[in-house]
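Examination of the molecular architecture
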Amino acid sequence: MLVTRRLNLLLRTIEKTHNDSTGDKHASLSIAVSEPSEPKVVTDIPGPKSKQLIQELDQIQNVGAVHFFCDYDNSHGNYLTDVDGNVMLDLYTQISSLPLGYNHPALINAVSKPENLSTFVNRPALGVYPPADWVSRLQNVLVSVSPPGMTQVQTMACGACSVEHGLKAIFIKYMSDKRGGKAPSKEDMESCIANEAPGSPPLTILSFSNSFHGRTMGALACTHSKWLHKLDFPMPAWPHVRFPDLKYPLEEFVEENRAEENKILEEVEDKIEEYNKKGLPVAGVIVEPVQCEGGDNFASADFFQGLRDITSKRGLGYLMDEVQTGCGVTGKFWAHEHFNLTDTPDIVTFSKKMLTGGFYNKSSFRPKEGYRILNTWVGDPSKIALLGEVVNVIKEDNILDEVKVTGDYLLSGLKQMQVKYPGMLSKSRGLGTLSAVDFNTAATRDKVMANLRKKGVHTGSCGEKTLRFRPTLLFQNKHVDVFMERFDDVLSQFEK
Ligand code: PSZ
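Owing to the predicted nature of the structure, the values given are computational and were not obtained by experimental measurement.

1. Brief notes about the domain arrangement of the protein
Partitioning the protein into structural domains gives domain 1 (2-109 + 398-494) and domain 2 (123-395). Between the C-alpha centres of domain 1 and domain 2 there is a distance of 29 Å. Contact with domain 1, which involves 32 residues of that partner, is made by 29 residues of domain 2. Carbon and sulfur atoms supply 64% of the area buried between domain 1 and domain 2, which totals about 2600 Å² over both sides. Among the residues domain 1 hides against domain 2, the three largest losses belong to L400, L431 and L434. Together they make up 22% of the total.

2. Structural notes on unusual backbone geometry
The residue after I45, namely P46, is reached through a cis peptide bond having omega 0 degrees. Its place among the elements puts P46 in the loop between α1 (2-20) and α2 (48-58). A cis amide bond, omega 5 degrees, links A197 with the succeeding residue P198. Within the fold, P198 resides in the loop between α8 (186-193) and β4 (204-208). In the Ramachandran plot, C327 falls in the positive-phi region, its phi being about 65 degrees despite a non-glycine side chain. Not every positive phi belongs to a glycine, and Y371 is a case in point at roughly 70 degrees. Residue placement: Y371 occurs in the loop between β11 (357-361) and α13 (381-396).

3. Details of the sheet that holds β4
Spatially, seven strands are ordered β3-β11-β10-β9-β6-β4-β5 in an open sheet, and the strand pairing comes out mixed. Of all the strands in the sheet, the pair left with one neighbour each is β3 (152-156) and β5 (240-241). Note that strand β9 (residues 317-321) and strand β10 (residues 347-350) share three bridges and pair parallel. Bridge pairing links D321 to T349 in β10. Its contacts with the sheet place helix α11 (residues 254-277) against β4, β5 and β6 (282-287), and it is angled at close to 155 degrees to β4.

4. Here we look at the environment of K368
Within the fold, K368 resides in the loop between β11 and α13. Sequence-wise, K368 and G181 are 187 residues apart; in three dimensions their C-alpha atoms are separated by 9.6 Å. Setting aside chain neighbours within four positions, we find K368 in contact with S176 and G181. Among the polar contacts listed, one links the side chain of K368 to the side chain of S176, at a separation of 2.9 Å.

Thresholds, definitions, all that
Residues numbered from 1 in each chain as written. Predicted model: local features only at pLDDT ≥ 70, side-chain atom pairs only at ≥ 80, totals over all residues. Heavy atoms only, no water. Domains from an automatic or database assignment. Contact = heavy atoms within 4.5 Å. Buried area = accessible area lost by both parts, 1.4 Å probe. Helix = DSSP H or I, 4+ residues; strand = E, 2+ residues; numbered from the N terminus. Pairing = 2+ DSSP bridges. Axes fitted to C-alpha atoms, helices over the stretch in contact; angles between N-to-C directions. Polar contact = N/O pair within 3.5 Å; in protein donor to acceptor, adjacent residues only side chain to side chain.

Quick look at the structure:
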């Protein structure tokens with residue numbers, strides 16, 4: 001009964017939303033989202049109801065990371081409502097994982113489509129018993145947005161799981177090459193069961209300082225951002241090198257930044273040599289096209305091309321982790337498309353805004369045997385049904401063009417604020433709406449974020465002293481204005 005009532009309520013919302021559709025410049029379905037015009041704060045955040053629920057949850061699990069409880073039924077578009085009725089402009093969007101905001105009509109509609117019902121009710125072991133429409137769903141959804149030059153895709157559950165299996169695909173390819181394509185020997189098969197060579201070879205993956213690739217053990221071994229993620233866990237001795245630390249504004253430091261990146265590419269080569277000599281050969285390199293958790297650190301197309309050159313020359317795998325940068329947020333569907341690489345990465349991982357985890361891989365990185373890259377669910381068809389709607393909206397409404405326009409507007413606003421508050425702000429940077437600005441100290445950043453929340457703007461941080469922006473793909477100039485007005489207000493009070 002409750003479910004039916006809720007569904008009816010949602011369907012009424014869709015009708016209302018369609019009817020409300022105004023003459024806005026986006027007359028299309030996606031923007032016909034009814035959302036508040038501005039934030040509304042009625043209690044402290046967390047308010048009394050959130051605090052009560054936090055206390056109750058504390059009986060069951062650690063609540064140290066819980067900010068507040070949400071009222072998702074009453075959250076719409078770019079606005080998140082908490083259980084105390086506070087309405088916040090959401091610039092963090094569930095750790096950067098909401099493509100079309102809250103309760104988007106297209107997604108609500110997808111839930112009620114008869115052809116999708118079965119995907120919600122029957123969760124299959126996809127790698128073994130896929131449904132009849134699985135191939136067409138993959139073709140129409142994931143393959144239709146694959147990075148240029150890549151046609152192979154494997155679904156997974158979450159980001160870390162995708163990275164984990166992407167790394168495995170690299171190891172499988174490396175060892176298969178080493179065996180000259182021959183089948184593994186009996187000794188290979190027996191020794192791996194005991195975690196011993198030659199079946200468990202002492203291979204390594206090279207990653208970068210300040211990287212974040214997930215919390216499962218293999219992904220975590222490639223993660224070098226916060227101690228909170230890593231403390232107490234045994235980790236393999238895998239190499240990492242610095243990630244470029246670019247000076248801003250970029251146009252004033254072209255030579256310095258190029259020298260920095262070239263130096264790091266040399267360090268990558270040296271590190272690979274060092275590990276090869278140590279008997280811990282590097283099988284692949286993993287990198288984010290923009291380091292997100294580690295501080296929104298950008299590097300140039302030349303740097304990423306340099307990594308492609310090194311990995312190609314040495315026959316190593318190149319994994320581009322697009323878990324946070326994919327699905328259009330940079331103004332191209334995949335961030336690495338901005339680099340125009342001469343050859344595609346070997347593996348491209350995704351999750352977050354894609355709603356399903358997974359990875360694309362070059363054909364040469366496809367395992368020869370079944371059961372090598374597998375788990376029980378290997379993803380979830382209902383997520384592909386939802387992603388299909390997201391992809392339609394992105395394509396039909398030219399959302400990527402919108403992301404570029406809004407991203408430029410946001411970045412120019414940040415640059416203006418930087419000029420107005422030079423003691424506090426620096427390094428405004430961004431690609432599409434994936435953007436950030438640094439503060440003079442972490443304490444200032446945290447205080448500004450707290451004060452923004454009091455004004456109904458929910459933001460996220462990253463790195464040491466960075467404020468980052470991770471809005472929905474439907475974030476528009478009018479939302480930037482709502483933010484900037486409050487940002488200016490908070491910063492001006494801070495200076496007094
Ligand atoms: O606290 C956490 O576990 C967080 S905060 C942000 C993330 C995780 N990001 C996840 C992430 C990512 O940004 C990149 C580039 N690669 C992999 C991951 C892992 O994804 P999940 O969290 O789905 O396992």
